[in-house]
Structure formats: C-alpha cells, structure tokens
Amino acid sequence: MDILKQIAESLERGEDDPVRELTSQAVADGIAPGTILNDGLIRGMGIVGERFRLREIFLPEVLLAARAMTGGMEVLKLLLVRDKLPLGTKVVIGSVRGDLHDIGKNLVGIMLKGAGFEVIDLGTDVQPERFVDTAVAENAPLIGMSALLTTTMPAMKEVVDLVEARQLRSKVKTIIGGAAVSAEFAGQIGADAYAFDAAKAVERVKQLVG
Amino acid sequence: MERIHFTIEEATPVEPAVLESQGLPDRSQLPGRIAALLDDARDLFVRVAEPRALTADLSAAQFADVYGGEGLNSPESPLESIFPKAEGLALFAATLGEPLSARIGALFAENDPALGYMLDAVASAAADHLADQSGRRFLERLVREQKVDRTARVLPYSPGYCGWHISGQRRLFEFLQPERIGIALNSSCLMQPLKSVSGVLVAGGAPIHKFRPRYSFCADCRTHECLQRMASVVRE
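Here's the deal with the overall build of chain B
Next up, step 1: Looking only at helices and strands, chain B features nine helices and seven strands.
Next up, step 2: At 18 Å, chain B has a C-alpha radius of gyration in line with the 18 Å of a compact globule built from 236 residues.
Next up, step 3: If you line up chain B on its principal axes, its C-alpha atoms span 50 × 40 × 35 Å.
Next up, step 4: Counting all 236 residues of chain B, 43% fall into the buried class.
Next up, step 5: Contacts in chain B between residues at least 24 apart in sequence constitute 81% of all its contacts with a sequence separation of at least 6.

Some details on the overall build of chain A
Next up, step 1: Across its full length, chain A carries nine helices and five strands.
Next up, step 2: Moving toward the C terminus, one meets the helices and strands of chain A in the order α-α-α-α-β-α-β-α-β-α-β-α-β-α.
Next up, step 3: In terms of C-alpha radius of gyration, chain A reaches 18 Å, essentially the compact-globule figure of 17 Å for 210 residues.
Next up, step 4: Counting across all 210 residues of chain A, residues that qualify as buried make up 52%.
Next up, step 5: A separation threshold of at least 6 residues defines the contact pool for chain A, and within that pool the share at least 24 residues apart is 72%.

A word on the interface of chain A and chain B
Next up, step 1: Across the boundary between the two partners, chain A contributes 21 residues, which contact 22 residues of chain B.
Next up, step 2: Where the side of chain A that touches chain B is concerned, the elements lending two or more residues are α4 (59–82) and α5 (103–114) of chain A.
Next up, step 3: In terms of residue count, the dominant contributor to the side of chain A that touches chain B is α4(A) (eight residues).
Next up, step 4: Taken together, the residues of the side of chain A that touches chain B sort by class into ten nonpolar, eight polar and three charged.

A short note on the sheet that holds strand β7 (residues 196–204) of chain B
All names here are of chain B.
Next up, step 1: Spatially, the five strands line up as an open sheet ordered β1-β2-β3-β7-β4, and their pairing is antiparallel. The sheet terminates laterally at β1 (2–5) and β4 (153–157), the two strands that pair on one side only. Going from strand to strand, the sheet's axes swing by 25° on average, the running direction of each strand aside.
Next up, step 2: The pairing of β4 with β7 spans five bridges and is classified as antiparallel. The residue bridging V154 from the neighbouring strand is A203, located in β7.
Next up, step 3: Helix α7 (residues 113–144) contacts β1, β2 (52–57), β3 (88–95), β4 and β7 of the sheet and is inclined by roughly 35° relative to β7.

A closer look at the nonpolar core
Inside soluble globular proteins, nonpolar side chains tend to come together where they are buried.
Next up, step 1: Within the largest apolar cluster, 135 residues are counted, with the highest numbers of intra-cluster contacts made by M156(A), M118(B), L119(B), V122(B) and A126(B).
Next up, step 2: With 15 residues, α7(B) is the largest single contributor of residues to this core.
Next up, step 3: In this view, L119(B) contacts A41(B), L44(B), F45(B), R103(B), I104(B) and L107(B); residues no more than four positions away in its chain are not counted.

A short note on the domain arrangement of chain A
Residue and element names in this part refer to chain A.
Next up, step 1: Domain boundaries in chain A define domain 1 (3–82) and domain 2 (90–209).
Next up, step 2: The interface is formed by eight residues belonging to domain 1 together with eight residues belonging to domain 2.
Next up, step 3: No other element matches the five residues that helix α3 (residues 33–53) contributes to the side of domain 1 that touches domain 2.
Next up, step 4: In terms of residue class, the side of domain 1 that touches domain 2 is built from six nonpolar, one polar and one charged.

Digging into the pairing of strand β3 (residues 142–146) of chain A
All names here are of chain A.
Next up, step 1: Along β3, five of the five residues are buried, which leaves the element largely enclosed by surrounding structure.
Next up, step 2: The alternating pattern of β3 places L142, G144 and S146 and I143 and M145 on opposite faces, both of which are buried.
Next up, step 3: Relative to strand β4 (residues 173–177), β3 is paired through five bridges, and the arrangement is parallel. Within β4, the residue paired with I143 across the bridge is T174.
Next up, step 4: Traced from β3 through helix α7 (residues 153–165) to β4, the parallel crossover comes out right-handed.

Some words on unusual backbone geometry
Residue and element names in this part refer to chain B.
Next up, step 1: Between Q192 and the following residue, P193, the backbone shows a cis peptide bond with an omega angle of 0°.
Next up, step 2: Here P193 is to be found in the loop between β6 (191–192) and β7.
Next up, step 3: Even without glycine at this site, Q177 takes up a positive phi of about 55°.
Next up, step 4: Relative to the helices and strands, Q177 is located in the loop between α8 (168–176) and β5 (184–185).

A word on the packing of helix α3 (residues 32–48) of chain B against α7(B)
All names here are of chain B.
Next up, step 1: Put simply, α3 and α7 touch, their axes get as near as 9 Å, and they point 60° apart. Here α3 is positioned oblique relative to α7, judged by the angle of their axes. In this structure, α3 crosses over α7, and the sense of that crossing is right-handed. Residues L37, L38, D40, A41, R42, L44 and F45 of α3 form the contact with α7, whose participating residues are A114, L115, M118, L119, V122, A123 and A126.
Next up, step 2: Here the residues of the contact of α3 with α7 sort into twelve nonpolar, no polar and two charged.

Considerations on the sheet that holds β4(A)
Residues and elements named next belong to chain A.
Next up, step 1: The sheet built from five strands is open, its strands ordered β2-β1-β3-β4-β5 with parallel pairing. Each having just a single partner strand, β2 (118–121) and β5 (193–195) make up the two edges of the open sheet. Averaged over all neighbouring strand pairs, the angle between strand axes comes to 25°, with direction disregarded.
Next up, step 2: With respect to the sheet, helix α6 (residues 128–137) is in contact with β1 (90–95), β2 and β3, its orientation differing from that of β1 by roughly 165°.
Next up, step 3: In the packing of helix α9 (residues 198–209) onto the sheet, contacts are made with β1, β3, β4 and β5, and the angle to β4 comes to roughly 170°.

So, how was this worked out
- Residues numbered from 1 in each chain as written.
- Chains lettered and ligands numbered in written order.
- Predicted model: local features only at pLDDT ≥ 70, side-chain atom pairs only at ≥ 80, totals over all residues.
- Helix = DSSP H or I, 4+ residues; strand = E, 2+ residues; numbered from the N terminus.
- Rg over C-alpha atoms; globule rule 2.2 N^0.38 Å.
- Buried ≥ 20, exposed ≤ 12 C-beta atoms within 10 Å, placed from the backbone.
- Contact = placed C-beta atoms within 7 Å.
- Nonpolar A, V, L, I, M, F, W, Y, C, P; charged D, E, K, R; others polar.
- Pairing = 2+ DSSP bridges.
- Axes fitted to C-alpha atoms, helices over the stretch in contact; angles between N-to-C directions.
- Core = buried A, V, L, I, M, F, W, Y, C linked by C-beta atoms within 7 Å.
- Domains from an automatic or database assignment.
- Right-handed = clockwise from strand over helix to strand, strands pointing away.
- Parallel < 35°, antiparallel > 145°, perpendicular 65-115°, else oblique.
- Left-handed = near helix turned anticlockwise from the far one by under 90°.

Written out as structure tokens, the structure reads:
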C-alpha cells in the first residue's frame, strides 16, 4: 500500500508509534516532506475531521488522532524548516484577558493544527495588545479569541478595536468563540466570524484565510 | 460555618454523568480506546483530586443582600422567587484543588490532549457532584436539627446562571471567604482553582424549586439543565 495512505489510515486510528515510524520511513524513501505532510498527515486528519463532523466518531478519537499527528510532525518539522517550506498559515489564538479557561481554546488549536495551520497559542489571560502585536510580528492573518465568561467578553472588542485602530483590518481577521459569546455578539463588536465549536472554527478559519 | 473534607469516593462522579456531559454513549457502546481513556482519567482523578468545601448558613434577608450583588442580575430570575420560600439557606464553595487543574493543563502541554480532555470532563462532572454532595450534607444536617422534614429537597444555585449575574461572586466571597479552603476569585469573577463551584444551597419542599423556564435569558441558554434539575427533585 502507498505509504502516504498508510500514514493517513494509521493516523485515523490514532496510532502514535506507527505514524511516527511510517513518517520516518517515508522520509527515508525520499518522499518530499511537504508531500508527506499534505498527502499523509493532513489528509488523515482531514478524514478524521470529516468523520467527526458527520458524528461517526467522538471527540476523544479526534484527539487521539491529533496526538498521533504531532508525532509525525515532530519528524517533519526540522525538514520543513530546512527546506524553508511553510508550516501552514499562521493563526494566533488565546483566551482573552481575565479568562483562564483553556479547554475550548486548546481544542480549536488542535483542530487547526490538524487542518494544516501553524498555531501560535498565547495561552490564557492574554492582553489585547499581545494578540495584535503577535499577529503583526508573526505575519499571521488571523486572531482567534476565546471567552467563557460574560465578564471577559469586552476584552474581545478591545482586540477588534485595536486591529481597527492600527489599520490592520484588511490584513488580520478576527474570530471569536466560547460559551459566553454568539454570532450576534461577534457582529456587535465587529469580529469577522464566530464559531460555535472547534469543528466550526476550522471551517470558518478556512473561509477567512485558508 | 462548616468546613468539609470529602473522601475521594464521595467526590468521584458516576460514570454516566461524565459520559452524558460529553455526549458520549454508555460504556456498552463506547469504542474500546475511549473506554480505556475514561478509566485512565478516573484513575488519575483519584490520585490528584483534593476535594473540599465550605458552607455557611444564612437567613433569607442576608441572602437577599448577597444575591443583590452589584445590581447586575436579570430583572427577573427563578432564584429571586425561590429563596424567600426556602426552609434553609447556606452559601457554599467547593473545589477539587489546584493540582488537578494543573495536571489537566500539563496533559495538553505534553501532547496528550485526549487524556487531558477526558480528565477535564471527569473533573467538571466531579465539581457538579461536589455541589450536590454539599447539598446532601446540608439537608442531612437540617433534618438532624429538625429544621426540615425528610421530604425537603436541596438544590444548588450559582452565580453566572439563570439570571444571577456572575459579579454576584464578589458578595458571595465577602460573606463566605472561600479563600480559607484555597479558592480565590480573580477580577473577572473567575474562581481558581478552575475546578471549583460556588453558590447557594436552597432547602425546601420540592415544589419551591419548580419554575417555568420562560425568562429573558432562557432563549440564549444552551443546556436547559434546569429541566433536569427540577425533574431530579421530583423524582427523588
């Protein structure tokens, strides 16, 4: 069987060691790192994501696949950097100022990585300036913000306003998510998108900058 | 004021509660690798959790002041109709401790998001369970002290839900001082450790807990847990 297909199928099953070993084998066989990434790992995660969207599998199974993908990425990362190949479109994510919840934000980061994005995770309790400064410094076209509390929602508007004030609206898109917020709120504060959950976040990010 | 140290058995949530909260089927239909994750998460929970709680009785007048908080509650809420009918009220705060929250974060950082997610699910269900367990102890004491009869029911109500604004945490903390059991409140009214829960325990006949969920905020509610809660007091 095609080794790239084997990687994708092994990843679907969430098999850590086989994914790492098959990725190493593909490198040894002379397959270009970019091809292994796109046609092996990302293809596999794409199938996993689709099966999750169709409710054929459960979220923990997606996360097991994501863990396996990270093993494969560790093999490829240095080669991609050496060959100066992009690791994927950069996205900056974090939980906004005052909010220490991070499970939802972590899930979004994992799903975005699985879809081939390079995720810069700023963690929790992130100041508005840090979101924008990082997006500029990393040349990232998207900022993703999470808030679980109504008291921290205003910080999202501060980030959107800062993007506007620095005249970055055409270069940097904003997306929000989390239990406290809604599509209506995204519209009120001028964010470019809202996502109900991690799977939707990937869809919306692809629409915005994919 | 009563300080409670729960045993790990008392704090551990039942498996269906964990699975239901994640939209997962029962064990008989669970893929083997998810069942294994759940077992690992429960083992880890038993090793790391440090369950404890603090409760303090208060009068309806005192609670009215706590509930008023910073004046940000919804104009109408179920709790404002329920608590004046209560036969017993107590503020409570319960936590599973910082090491558990730290472990969840570490699992994500160490590239084990599946176990991190499952441990988070167990911990979230356990936090809810601690609130129920605090209520159970409160009720047992009220019965023992002959303040209510055995038909009484206790439900916990928390700031941030059903019209009680999250800023109500500040007044609750002033009264109860959960810092004594290691729970802090940040400027966003978020409790740390994250796996903590607080609110008021309301004791009374089952009918006082019943209401029609037709408040202004009900339309935005994603869970409608109130229906399950009301059913639970009638069922018992």
